[in-house]
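Coordinate analysis (summary)
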Amino acid sequence: MPFDKVILNGRWFDGTGAASAVRNIGIRDGRVATITTDYIEGNEVVDATGHWVMPGIIDIHTHYDAEVLAAPALTESLRHGVTTIVMGSCSLSTVHVTASDAADLFGRVEAIPHEHVVRIVDERKTWNGAQDYVEALEDLPLGPNVTAFIGHSDIRVAAMGLDRATRKDVRPTRAEQARMEAMLEEALDAGLIGLSSQQLLFDRIDGEVCRSRTLPSTYAKTRELRRLKSLLRRRDRALQSGPDITHPHNIVSQALQSLGIGRPRLKTSLLAAADMKSAPAGMWFTVALAALVNRLGGDFRFQHLPVPFEVYADGIDLVIFEEFGSGAAALHLKTQMERDELIKEEAYRRQFRKDYDSKFGPRAWHRDFFDAEIVSCPDESLIGKSFGDVGVERGGLHPVDAFLDLVLEHGTELRWRTTISNHRPKILRQLAVKDGIQMGFSDAGAHLRNMAFYNCGLRFLRHVRDAQRAGEEFMTLERAVHRLTGELADWYHLDAGHLRIGDWADVLIVDPDRLDASLNDYHEAAIDAFGGLRRMVNRNDATVKRVMVAGRTVFADGKPTNLVGTQRTGSFLRADGRARNAPMRYASDRSSIAAV
């Protein structure tokens, strides 16, 4: 009997790091049925000669929690070979909170339009708990596979209410603590991969009632967190956490908590290992800390974006300004008119200059307006210049005053960019080989006008391939594929990330000769689910030849198939050992559904 699909003559990577080889792959009922050097026949034949055939990429850090409800195909990730997506990051999820609370939590910190989050969650929410949530997701025409953390801010707000959950002098009552623990237990029973929390103090709430307070998870004290973490320890589920970078001892404390010492160890994934312009030595602290904790018996990782962390901004609307007082004061104001009035005040400008010039204490932004290029502006003579350059041209203005003047003149029509971290290829290579590093942190689905790392996995493969070609190999291609696929699947207990006989056929076929400069190009595309808002995206359609989820083609030569957005190809991946729900069986990608 012929196979449903066969992939011929591709260089096959199995996702384990084992040696690659040219093989023919037969797929039947959504799974890999054979891998052979013999010729095989199928109802559909894909010629992969000269191409790489590998497991679909796993993206471990996204904020698709609202978008997946309105546009479950998640095509911006699918088109780059991402076939498994992790949601519920940074303490934020939509399992329990109301639509208005979800919008307050996601709107400002993740730069997802408040009004669209309210509308989408209000229209789509049909669930009352984690099990219902999982079932609701699987009722959608999912493009990729999805899985999720449950967010600590989510369950804290559900138990305490948004106002009480964001007050320093309020602790959860015994009943509220018990309810949070029950919600976490239910989420783990439903197959969610763990709990995400947040201690970073410049992630702030949107909306009216609690505007500019930090996320609810940041108000939790040791006892509350210890009891929740004990459930994760017993179930061998993961904690994802964003540490308070203003207090490095918080990073150390979270790392040491991964150790067992008389109790089960705590599987921990912390944000984030990066070559920061603001603190270039800090990266080695995180690397050494992870190595030490794991050597002592912990199970500890730092998430890492393996490409330059380049961000764009429209005027002053960028989350990096939340990390100091004057920047947060401007973002606290909701209208451009209010912000303009504040920016005109000399006292405000003095404080902004003071914050900018301060070089003490940990920070994410390098605070150098000479390292910030204007890319779009009504005054075209400014394009290509830095704010520092503009200050010099305008009679030696302080860079802050040059920036604020241009914000007043042009508002959000002033678009600029800077690279915050991961700017040195040599250091990226040194980070990529460390065992305490997890490849991830794309933030896909968030910061829609600020950044686009949807294809960061492909860019990492290009970096590895280019180094090999230059005679400077730092990692084998097999190891690079493993880092993006099987290593992550195994750590999070997901039925994905491998391409062996019996595995689900989540497949990415790449043309290695098109791993080129096109991966860096700037593009924008409208999001129908968000009222046509244009977000930053990546486009490298010639690079990705084909993407399959459970053996069904979802992208071919940069174009989605007619399955995408109309029929479910992905599943919710449970972390408790349960097999993923089998997709419906199709006679071909263009036929109607037939019963399994």
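Residues numbered from 1 in each chain as written. Predicted model: local features only at pLDDT ≥ 70, side-chain atom pairs only at ≥ 80, totals over all residues. Heavy atoms only, no water.

- In the annotation of an unreviewed UniProt entry, the chain is listed under the name Amidohydrolase family protein and assigned to Mycolicibacterium iranicum.

Side note on helix α13 (residues 336–344)
- Along α13, the residues classified as buried are Arg339, Asp340, Leu342 and Ile343. Projected down its long axis, α13 carries its buried residues within an arc of 165°, all on one side. Pointing more than 90 degrees away from the buried face of α13 are the exposed residues Met337 and Lys344.
- Packed against the buried residues of α13 are α12 (325–332), α14 (346–357) and α16 (399–410). (Buried < 20%, exposed > 50% of the residue type's maximum accessible area, 1.4 Å probe, protein only. Helix = DSSP H or I, 4+ residues; strand = E, 2+ residues; numbered from the N terminus. Arc of directions from axis to C-beta. Contact = heavy atoms within 4.5 Å.)

Examining the packing of aromatic side chains
- Taken as a whole, this structure holds 25 aromatic pairs when the rule is applied.
- Ring centres of Phe309 and Phe441 lie 6.4 Å apart, and the angle between their planes is 35°; on these two criteria the pair is classed as tilted. Linking Phe309 in strand β13 (residues 309–314) with Phe441 in the loop between β16 (437–439) and α18 (456–469), this pair joins segments that are 132 residues apart in sequence. Accessibility assignment for this pair places Phe309 and Phe441 in one class, buried.
- Both rings, one in Phe369 and one in Trp416, keep their centres 6.2 Å apart while their planes meet at 70°; by these two values the pair is edge-to-face. One end of the pair, Phe369, is in the loop between α14 and β14 (373–376); the other, Trp416, is in strand β15 (residues 415–421), with 47 residues separating them in the sequence.
- Here Trp416 falls in the buried class, since its relative accessible area comes to 1%.
- Among the aromatic residues, those joined into a cluster by ring pairs are Phe321, Phe324, Tyr348, Phe352, Tyr356, Trp365, Phe369, Phe387, Phe403 and Trp416.
- Sitting over the ring of Trp504, Arg31 keeps its end group 4.1 Å from the ring centre.
- Seen from the ring of Trp491, Lys267 lies directly overhead, with NZ or CZ sitting 4.7 Å from the centre. (Phe/Tyr/Trp six-rings, centres within 6.5 Å; stacked < 30°, edge-to-face > 60°. Lys NZ or Arg CZ within 6 Å of the ring centre and 35° of its normal.)

Side note on the side chain of Ser77
- The topology assignment puts Ser77 in helix α2 (residues 75–78).
- Those residues in contact with Ser77, other than ones at most four positions away along the chain, are Tyr64, Val82, Ile85, Ala444 and Tyr454.

A word on the side chain of Ser241
- Take Ser241: it is sitting in strand β10 (residues 238–242).
- Judged by its relative accessible area of 0%, Ser241 falls in the buried class.
- There is a polar contact of 3.2 Å between the side chain of Ser241 and the side chain of Ser197.
- Once you skip the residues sitting within four places of it in the chain, Ser241 turns out to touch Ser197, Gln199, Gln254, Ser269, Leu270 and Leu271. (Polar contact = N/O pair within 3.5 Å; in protein donor to acceptor, adjacent residues only side chain to side chain.)

Concerning the pattern of salt bridges
- Within this structure, the stated rule accounts for 49 salt bridges.
- Salt-bridge contacts for Arg535 lead to Glu67; the nearest nitrogen and oxygen are separated by 2.9 Å. Of this pair, Arg535 sits in strand β19 (residues 533–537) while Glu67 sits in helix α1 (residues 67–70), and the two are 468 residues apart along the sequence.
- For Glu323, the salt bridge identified is with Arg367, shortest N-O distance 3.6 Å. Taken together, the residues Glu323 in the loop between β13 and α12 and Arg367 in the loop between α14 and β14 connect sequence positions 44 residues apart. (Salt bridge = Lys/Arg side-chain N within 4 Å of Asp/Glu carboxyl O.)

Regarding the environment of Arg394
- Mapped onto the secondary structure, Arg394 falls in the loop between α15 (387–393) and α16.
- C-alpha of Arg394 to C-alpha of Gln567: the two residues are 173 residues apart in sequence and 58 Å apart in space.

Focus: the state of the cysteines
- Counted under the stated rule, the structure contains zero disulfides.
- Not part of a disulfide, Cys456 finds its nearest cysteine sulfur in Cys90, a span of 15 Å. (Disulfide = S-S within 2.5 Å.)

Points about the environment of Val170
- Take Val170: it is sitting in the loop between α7 (162–165) and α8 (174–189).
- The exposure class assigned to Val170 is buried, which follows from its relative accessible area of 15%.
- Each C-alpha atom of the pair Val170 and Tyr312 lies 37 Å from the other, and the pair is 142 residues apart in sequence.
- Once residues within four sequence positions are removed from consideration, Val170 is found in contact with Arg156, Met160 and Arg164.

Details of the sheet that holds strand β8 (residues 145–151)
- Ordered by their spatial adjacency, eight strands build an open sheet running β6-β7-β8-β9-β10-β11-β12-β16, and the pairing between neighbours is parallel. A strand with exactly one partner marks an edge of an open sheet, and here the two such strands are β6 (57–59) and β16. Each adjacent strand pair in this sheet contributes to an overall mean axis angle of 30°, direction not counted. (Pairing = 2+ DSSP bridges. Axes fitted to C-alpha atoms, helices over the stretch in contact; angles between N-to-C directions.)

Focus on the sheet that holds β13
- Strand order in the open sheet formed by three strands is β13-β15-β14, with antiparallel pairing between adjacent strands. Of all the strands in the sheet, the pair left with one neighbour each is β13 and β14. Taking each pair of neighbouring strands and ignoring which way they run, the sheet shows an average axis angle of 35°.

Describing the UniProt feature "domain: Amidohydrolase" (unreviewed entry) in the chain
- Within this structure's numbering, the places UniProt gives as "domain: Amidohydrolase" (unreviewed entry) are residues 44–217.
- Taken end to end, residues 44–217 comprises 38% helix and 17% strand; its first and last C-alpha atoms sit 50 Å apart. (UniProt positions renumbered as here; feature names shortened; annotations may be inferred.)

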